[in-house]
Amino acid sequence: MAYKDLIKAFEFAEKFRFTYDIASDTFDLEKEVLKHLETDRSHSSLIINEKVTPQIYLVLHKVCKKLRLNSNNVSAYIYSSSDNQATCFLGEKDKCTIMITSNLIELMDENELEFIIGHEIGHFLLKHGTVTHNSKMSKEDLIYSRYKEISADRIGLIASGTIESALSSIVKMLSGLSSAYLRYDISALMQQINNVHKGTYLSSESTHPSWLIRVRALQFFSMSEMYNKEILETNNNLGDPIERVDELIYNDLESFIDKPIRKEIEDSKKDLSFWIHIFAVLDDDKFDKKEQEIIKQEFGEKQLNKIKKILTSSNKEQSRNFINSLLEEKISGLAHIAPKESQIFYRNEINNAERKLNIENLESKIVLSIKKIK
Ligand SMILES: [Zn+2]
């Protein structure tokens, strides 16, 4: 199956991407590693095909068709486990592998399984990159990982075709309960969100948004103009514009999980910006009135007094060393929590400081000074 045959499916899925979710084309696994993985899977799990698992194959086939995808591009396996889990392995850009536990298959009806498989294929169609399960994901990576789940749920919804199945499969996954014990009264389900206390946040260590957020996000999406037009194929322009819907979902993610991390990133940026400017100011070993005014305008009087105090309480070399090592600490601090954002931010702040304080080659000066500490 050539890559170009996949373009239709990629383009179709792209329409539904959550605005804040960013595609990436990183596949960092080597061919040999991929071969080994495939061998391992073939030894330890059952591949879904027409002959051995006809019902499940039919579901997979139906999903692929709805997503404009040839089912040859998907390998799906089932393995025995009491967990309710489905994962998507993205090793190559023209193929995806889905792994589903036996328990999950047993728990879901066909429509619900369509949602699950659609969600996993969604990660592939939306180019969510290699999902390596390492513990080194930064806080920023985790925020973006949660955005990916919002997008993938939309593809799951399109695959299942009904919001009811999408929601029931999420609730079944969450509770482990079968249909015998569940009724999908959505408004009653969503009441649970009232138990969430204002100002308390969900741990930001999770790669997935909570089920409450996911259900609300799907509900918002199912009421969008885009969903009405593209999926329900109604001709009237009913529903909210997708931009509005994405904003609502973003606000949910912020107010239930991300706000404290955002603040941490913003504080860290402010700090870094301050020390970059101070470094630039001291380039000529002077801190004249004009420069002091700029620092005051940008960062406030308190910060200005703080730096004045440092400069008067130690000699030139001491304060220089102190500022160099602080700056180094702030650069690596931001890079640690937000590696992607930090690069852009750092560049911008260097440019700002150069412009405002009339200094050249600031970046290489910083690099040199930091080298000296090491
Ligand atoms: Zn997912």
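To be clear, the structure that these remarks concern was listed above.
Residues numbered from 1 in each chain as written. Predicted model: local features only at pLDDT ≥ 70, side-chain atom pairs only at ≥ 80, totals over all residues.

Some points on helix α3 (residues 54-66)
To be explicit about the condition: Helix and strand assignments follow DSSP, with helices taken as H or I runs no shorter than four residues and strands as E runs no shorter than two, numbered in order from the N terminus. To estimate how far a helix should extend, the number of its residues minus one is multiplied by 1.5 Å. Between the buried cut of 20 or more and the exposed cut of 12 or fewer other C-beta atoms within 10 Å of a residue's own C-beta lies the partly exposed class, and all C-beta atoms are placed from the backbone. Residue pairs qualify as contacts under a 7 Å threshold applied to their C-beta atoms, which are placed from the backbone.
In a regular helix each residue adds 1.5 Å, so 13 residues correspond to 18 Å; α3 covers 18 Å between its end C-alpha atoms and thus fits that length. Every buried residue belonging to α3 is among Val59, Leu60, Lys62, Val63 and Cys64, and all of these are buried. At its buried positions, α3 is contacted by β2 (74-79), α5 (110-125) and α6 (139-160). Looking at the residues trailing α3, positive phi occurs at Arg68, about 60°.

What about unusual backbone geometry?
Residues other than glycine seldom take positive phi values, yet Arg68 does so here, at roughly 60°. The residue Arg68 is located in the loop between α3 and β2 in this model. The class of Arg68 is partly exposed, set by 15 C-beta atoms lying within 10 Å. At Asn361, a residue that is not glycine, the phi angle is positive and equals roughly 50°. Relative to the elements of secondary structure, Asn361 occurs in the loop between α15 (339-357) and α16 (362-373). Given 12 C-beta atoms within 10 Å, Asn361 falls into the exposed group.

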